[in-house]
Amino acid sequence: MKTLYPDLQVESIDTTDYGSRSVMDFIIVPNMPFSRLKYRSRRIEIAVLFDHLLACKTNDHLVTLHLRWWKPIQHFSSTFIPFLQACKKLKCLELSVIYPTSGIDLLLKSWLENPLESLEKVIIDVWRIDDEDEYQSLIKLTTGYKFLLKLRGLNIKLNLHIKRIIY
């Protein structure tokens, strides 16, 4: 394939693992030049996905990455920072995660200290924040970083969503 189509790019839209590692292993194979990957997960740890993407060298081609993670990510920054730094062509990152996620502020801070040169657009949605105090705390932690990143030209949106209790 590389000989016949040296500039081949593959887009994968809406891949869902439903908790099965075999789905991920079947769809994301070594040296497949994914330029766009939209991945949703319910059970697999995000570190497992990132390790697999790195092993398959998917990070060498990614331009757009959209992740919807239905499981809280406890070590958000330590999981995302190394992977994103390995994605040299990444322009657009869209994340949708479930609260609690610890370290979103550290991720934003890392982009100030060590900017990803290709990154142009970031959208992060955090869902199911338990209460108003946690919501306000997240706003305080992230507002300054968001402002500075925007000044540096990054189109960034951080959307925080409080869990609604319906009686």
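Conventions and cut-offs
- Residues numbered from 1 in each chain as written.
- Predicted model: local features only at pLDDT ≥ 70, side-chain atom pairs only at ≥ 80, totals over all residues.
- Heavy atoms only, no water.
- Buried < 20%, exposed > 50% of the residue type's maximum accessible area, 1.4 Å probe, protein only.
- Helix = DSSP H or I, 4+ residues; strand = E, 2+ residues; numbered from the N terminus.
- Contact = heavy atoms within 4.5 Å.
- Polar contact = N/O pair within 3.5 Å; in protein donor to acceptor, adjacent residues only side chain to side chain.
- Axes fitted to C-alpha atoms, helices over the stretch in contact; angles between N-to-C directions.
- Parallel < 35°, antiparallel > 145°, perpendicular 65-115°, else oblique.
- Left-handed = near helix turned anticlockwise from the far one by under 90°.
- Nonpolar A, V, L, I, M, F, W, Y, C, P; charged D, E, K, R; others polar.
- Patch = residues over 30% accessible without salt bridge, like charges linked within 9 Å, V, L, I, M, F, W, Y side chains within 5 Å.
- Areas by Shrake-Rupley, 256 points an atom, 1.4 Å probe, with all protein chains shown as cover.
- Salt bridge = Lys/Arg side-chain N within 4 Å of Asp/Glu carboxyl O.
- pLDDT = per-residue confidence, 0-100.

Per an unreviewed UniProt entry, the protein chain is named F-box domain-containing protein, and its organism is Araneus ventricosus.

Right, let's get into helix α4 (residues 104–113). Burial of α4 is extensive: seven of the 10 residues sit out of reach of the surface. Those residues of α4 not exposed but buried are I104, D105, L107, L108, S110, W111 and L112. If you follow the buried residues of α4, they end up packed against α3 (76–85), β4 (92–98), β5 (121–129), α5 (132–151) and β6 (155–162).

So, on to the side chain of S41. Inspection of the secondary structure puts S41 in strand β2 (residues 34–41). A relative accessible area of 1% means that S41 is categorised as buried. A polar contact is formed between the side chain of S41 and the backbone nitrogen of I44, at a distance of 3.3 Å.

The next point concerns the packing of α3 against α4. Relative orientation of the contacting elements α3 and α4 amounts to 30°, with a least axis distance of 8 Å. Compared by their axis directions, α3 and α4 come out roughly parallel. The crossing of α3 and α4 is right-handed. Where α3 approaches α4, its residues F76, S77, F80, I81 and L84 are matched on the opposing element by I104, L106, L107, S110 and W111. Each residue belonging to the contact of α3 with α4 can be placed in one class, and the counts come to eight nonpolar, two polar and no charged.

Side chains of F147, L148 and L151 sit close together on the surface and give an oily, nonpolar patch of about 330 Å² of accessible area. For L148, a relative accessible area of 40% puts it in the partly exposed group.

Taken residue by residue, the protein chain gives an average pLDDT of 87. The fraction at 70 or more is 90%. Looking at the elements of the protein chain, mean pLDDT is at its lowest for strand β1 (residues 10–16), recorded as 68, and at its highest for β4, recorded as 95.

For α3, the tally of buried residues reaches seven of 10 residues, placing the bulk of the element in the interior. What α3 keeps buried is the set F76, S77, T79, F80, I81, F83 and L84. On its buried face, α3 is in contact with α2 (46–55), β3 (64–69), β4 and α4.

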